[in-house]
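Now for the letters of each chain:
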Amino acid sequence: MQFFIDTADIGQIREAMAMGMCDGVTTNPSLVAKTGKPFKTVIAEILDVVPGPVSLEVTTDEFSEMMAQARQLADLGDNVVVKLPLTKPGLRACRTCFDEGIATNVTLCFSPSQALLAAKAGATYISPFVGRLDDVSRDGMGLIERICTIYEAYDFETQVLVASVRHPQHVVEAALQGAHVSTMPLAVLEKMFNHPLTDIGLAKFMADWTKVPKE
Ligand code: E4P
């Protein structure tokens, strides 16, 4: 399973890269807005340090404008993945990007039918938002299971990129379902390291080590 970091914050991306746990990055307009920096600056910073896939989102739902933005973004680097909304114009753009060899991440997916459409449109990645479904008392991980089942049944090449991840258990469940990628905030990645028995065990090893004669 690949781990992407879901942020536009270059400091957090650098931290995840230093951990050796950052296979790629996903951004969205809200995450870019949080940085307080111009979009071009944010993109340049990220592409400078991340060799893996970097999802950059279009900011329109009109087909021609979407394609103009998609081509501009794709020109910025071989690792750019154009993020498109799961709408009729978005999936039309997805098909056109596929024909032009532009990698895509279809975002804001909340149902198996939407995921099926994205695969048929040739999406490189589909991004189902598990946390936002859980937030409204729906079954986020159940959606991942259903998408994985459908994609496997038809050998779709679209990769399942589990998004809107809120905690380590989302990542574990996504892995159990065989999802290709989890994109997560740095805070979730950091929590994945934690186990109280690791802390207790390490403290004991360190304490016992002080009792070992050094000569
Ligand atoms: C992923 O590509 C999305 O931008 C992101 O995971 C959304 O997460 P949120 O629901 O925490 O905003």
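Up top is the structure.
First, a word on what this report is: a plain description of the structure on this page.

Conventions adopted
- Residues numbered from 1 in each chain as written.
- Predicted model: local features only at pLDDT ≥ 70, side-chain atom pairs only at ≥ 80, totals over all residues.
- Heavy atoms only, no water.
- Core = buried A, V, L, I, M, F, W, Y, C linked by side-chain atoms within 4.5 Å.
- Buried < 20%, exposed > 50% of the residue type's maximum accessible area, 1.4 Å probe, protein only.
- Helix = DSSP H or I, 4+ residues; strand = E, 2+ residues; numbered from the N terminus.
- Contact = heavy atoms within 4.5 Å.
- Salt bridge = Lys/Arg side-chain N within 4 Å of Asp/Glu carboxyl O.
- 1 Å grid on protein atoms, 1.4 Å probe; cavity = no way out; pocket = protein on both sides within 12 Å on 5 of 7 lines; lining within 4 Å.
- Points joined across faces, edges and corners; volume = space filled by probe spheres on them.
- Nonpolar A, V, L, I, M, F, W, Y, C, P; charged D, E, K, R; others polar.

**Looking at the nonpolar core**
By size, the foremost hydrophobic cluster in this structure holds 59 residues, and its most contacted members are I126 and V160. Counting residues per element, this core draws most heavily on helix α8 (residues 140-154), which supplies six residues. For I126, the residues in contact, after removing those within four places along its chain, are L86, N105, V106, C109, A115, A118, Y151, T158, Q159, V160 and L161. Membership of the second largest hydrophobic core comes to five residues, among which are F4, Y125, L161 and V181.

**Considering the environment of V42**
The topology assignment puts V42 in helix α3 (residues 39-49). Each C-alpha atom, one on V42 and one on V32, is 7.2 Å from the other, the two residues being 10 residues apart in sequence. The contacts of V42, once residues within four sequence positions are left out, are A8, V32, T35 and K37.

**A word on the pattern of salt bridges**
Evaluated as defined, the whole model comprises seven salt bridges. Between D208 and K204 there is a salt bridge; the shortest N-O distance is 2.9 Å. Of the two residues, D208 and K204 are both situated in helix α11 (residues 196-210); the distance of four residues between them amounts to about one turn of the helix. Since its relative accessible area comes to 27%, D208 is described here as partly exposed. For D208, the salt bridge goes to K211, with nearest N and O atoms at 3.0 Å.

**Description of the layout of surface pockets**
By volume, the largest pocket is sized at about 390 Å³. Along its surface, the largest pocket is lined by 22 residues, and D6, N28, L31, K34 and P185 are the ones closest to its centre. Considering each element in turn, the lining of the largest pocket owes the most residues, four residues, to helix α2 (residues 29-35). For the second largest pocket, the calculated volume is near 250 Å³. Of all the secondary-structure elements, those providing two or more residues to the lining of the second largest pocket are α2, α3 and α4 (63-74). Residue composition of the lining of the second largest pocket, by class: seven nonpolar, five polar and two charged.

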